[in-house]
Amino acid sequence: MSDLVARIEALQAVLRRPTPAPLAGQETIPVATISHHHYEGDGGPCQADLFGTACGEHRDAHHHT
């Protein structure tokens, strides 16, 4: 069990590190561009898979294009 705790603590230490500066020539993009999607569902919460997480928003929260 102590091995698991040590691994979790090591991972937490890595996650606490500051985000490194962008590399030369690297550009950032808005997250909205990545997550924009059409509603996927049967009238209930959206079931679209966004990088392993279901959207869960109501149908009316989506853009209709």
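If you're wondering where the values come from, they're calculated on a predicted model, not measured in any experiment.

Novice: Could you clarify how one ought to interpret the overall build of the protein chain in this entry?
Specialist: Each helix and strand in the protein chain was counted, giving two helices and two strands. Secondary structure elements of the protein chain, listed N to C terminal, follow the sequence α-α-β-β. Across the 65 residues that make up the protein chain, the buried fraction comes to 9%. Sequence-distant contacts, at least 24 apart, represent 19% of the contacts inside the protein chain between residues at least 6 apart.

Novice: Even after reading the chapter, I still don't get a nonpolar patch on the surface, so can you show me in this structure?
Specialist: A grouping of Met1, Leu4, Val5 and Ile8 is seen on the molecular surface, where their side chains present a nonpolar patch of about 420 Å² in accessible area. Among the secondary structure elements, Leu4 is positioned in helix H1 (residues 2-15). A residue is classified by how much of its surface remains accessible, and Leu4, at 44% relative accessible area, is partly exposed.

Novice: Please explain the side chain of His62 as it appears in this structure.
Specialist: Assignment of secondary structure puts His62 in the segment after strand E2 (53-54). On the accessibility criterion, His62 (7% relative accessible area) is buried. Here the side chain of His62 touches His37 through a polar contact of 3.1 Å, side chain to side chain. Each residue touching His62, except ones within four places of it in the same chain, is listed here: His37, His38, Tyr39, Cys46, Cys55 and Glu57.

Novice: Honestly, the environment of Pro45 in this entry has me stumped. Any pointers?
Specialist: Turning to its location among the elements, Pro45 is positioned in the loop between helix H2 (31-35) and strand E1 (49-50). The exposure class of Pro45 is partly exposed, given its relative accessible area of 46%. Those residues in contact with Pro45 that sit more than four places away from it in its chain are Tyr39, Glu40, Gly56 and Glu57.

Novice: Just checking my understanding: could you explain the state of the cysteines for this structure?
Specialist: Under the defined criterion, the tally for this structure stands at zero disulfides. Just so you know, Cys46 is unpaired, no disulfide at all, and the nearest cysteine sulfur is the one on Cys55, 4.0 Å from it.

Reading guide: rules and limits
- Residues numbered from 1 in each chain as written.
- Predicted model: local features only at pLDDT ≥ 70, side-chain atom pairs only at ≥ 80, totals over all residues.
- Heavy atoms only, no water.
- Helix = DSSP H or I, 4+ residues; strand = E, 2+ residues; numbered from the N terminus.
- Buried < 20%, exposed > 50% of the residue type's maximum accessible area, 1.4 Å probe, protein only.
- Contact = heavy atoms within 4.5 Å.
- Patch = residues over 30% accessible without salt bridge, like charges linked within 9 Å, V, L, I, M, F, W, Y side chains within 5 Å.
- Areas by Shrake-Rupley, 256 points an atom, 1.4 Å probe, with all protein chains shown as cover.
- Salt bridge = Lys/Arg side-chain N within 4 Å of Asp/Glu carboxyl O.
- Polar contact = N/O pair within 3.5 Å; in protein donor to acceptor, adjacent residues only side chain to side chain.
- Disulfide = S-S within 2.5 Å.

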